[in-house]
Amino acid sequence: MSVFSDIKFCLKPRCPVCRKGRLFRPHSITVVPRCAECDADLGAHDIGDGASVFLIFFFGITIIPLAWWFENAVHPPLWLHGILWLAVMLGAIALLLPVVKAYIIMLEWRHRKG
Ligand SMILES: [Zn+2]
């Protein structure tokens, strides 16, 4: 397992065992119960809110300073902050949540006991 194969796995989530079958249901971030290719029990993975919590911390150290800088540089009205940062957050969540969830599942599979 190299860093590049891990990045590829996270960008195009597949079964952590065979790396062929889908990890998520189509158009969703729900983990499939079993791999269609190797029949691995993927439904046993329950990472709960792990990916969401990671992203909350990540946005806290990235988006909040950007909003503070934008306020001091441009002095926009409050409604513009609401629309702008809501759109940025929703877009970033849509892009990053599947990637982070796949990464956590990959790590869980790699380091699980038994
Ligand atoms: Zn598989």
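Quick note: structure is the one above.
Residues numbered from 1 in each chain as written. Predicted model: local features only at pLDDT ≥ 70, side-chain atom pairs only at ≥ 80, totals over all residues.

Q: Please explain the overall build of the protein as it appears in this structure.
A: Tallying secondary structure elements over the protein gives 3 helices and 0 strands in all. Along the protein, helices and strands appear, N-terminal first, in the series α-α-α. What you see for the protein is a C-alpha radius of gyration of 18 Å, clearly larger than the 13 Å of a compact globule of 114 residues, by over 25%. Here the protein holds 114 residues, and the buried ones make up 13% of them. At a minimum sequence separation of 6, the contacts of the protein that also span at least 24 residues come to 47%. (Helix = DSSP H or I, 4+ residues; strand = E, 2+ residues; numbered from the N terminus. Rg over C-alpha atoms; globule rule 2.2 N^0.38 Å. Buried ≥ 20, exposed ≤ 12 C-beta atoms within 10 Å, placed from the backbone. Contact = placed C-beta atoms within 7 Å.)

Q: Please explain the nonpolar core as it appears in this structure.
A: Side chains that are nonpolar tend, in soluble globular proteins, to be buried together. Within the largest apolar cluster, 12 residues are counted, these being Phe9, Cys15, Leu23, Val31, Cys35, Leu42, Ala51, Val100, Ala102, Tyr103, Ile105 and Met106. Considering each element in turn, this core owes the most residues, 5 residues, to helix α3 (residues 78-111). (Core = buried A, V, L, I, M, F, W, Y, C linked by C-beta atoms within 7 Å.)

Q: What is the right way to read the environment of Leu107 from this model?
A: Relative to the elements of secondary structure, Leu107 occurs in helix α3. Under the C-beta neighbour-count criterion, Leu107 is labelled partly exposed, with 14 such atoms within 10 Å. As for Leu107 and Leu80, which are separated by 27 residues in sequence, their C-alpha atoms are 39 Å apart.

Q: Would you mind showing me how to read the packing of helix α2 (residues 50-74) against α3 here?
A: Any two packed helices are characterised by the angle at which their axes cross and by the distance between the axes. Direction vectors running N to C along α2 and α3 enclose 145 degrees, while the axes themselves pass 9 Å from each other. Judged by the sense of rotation from one axis to the other, the crossing of α2 with α3 is right-handed. Taking contact as the criterion, the partners of Gly50, Ala51, Phe54, Leu55, Phe59, Ile63 and Ala67 in α2 are, on α3, His81, Trp85, Val88, Met89, Ala92, Ile93, Leu96, Leu97, Val100, Lys101 and Ile104. Along the lines of polarity and charge, the residues of the contact of α2 with α3 split into 15 nonpolar, 2 polar and 1 charged. (Axes fitted to C-alpha atoms, helices over the stretch in contact; angles between N-to-C directions. Left-handed = near helix turned anticlockwise from the far one by under 90°. Nonpolar A, V, L, I, M, F, W, Y, C, P; charged D, E, K, R; others polar.)

Q: Looking at this structure, I do not really get α3. What am I missing?
A: Residues that lie three or four places apart on an α-helix share one face, since the helix turns once every 3.6 residues. Taking 1.5 Å per residue, 34 residues should reach 50 Å; α3 reaches 46 Å between its end C-alpha atoms and fits that length. Along α3, the sharpest kink reaches roughly 35 degrees, centred on Leu96 and followed within four residues by the proline Pro98. Among all positions of α3, only Val100, Lys101, Ala102, Tyr103, Ile105 and Met106 are buried. Contact partners of the buried residues in α3: α1 (3-11) and α2. (Expected span 1.5 Å × (residues − 1). Bend = angle between axes of the 7 residues up to and from the residue.)

Q: I keep staring at the environment of Arg25 and nothing clicks. Help me out?
A: In this fold, Arg25 is placed in the loop between α1 and α2. Residue class for Arg25 comes out exposed when judged on the 11 C-beta atoms lying within 10 Å of it. Residues Arg25 and Leu11 lie 14 residues apart in sequence; the distance between their C-alpha atoms is 15 Å. For Arg25, the residues in contact, after removing those within four places along its chain, are Thr30 and Val32.

Function cannot be inferred from these measures alone, as they are strictly geometric.
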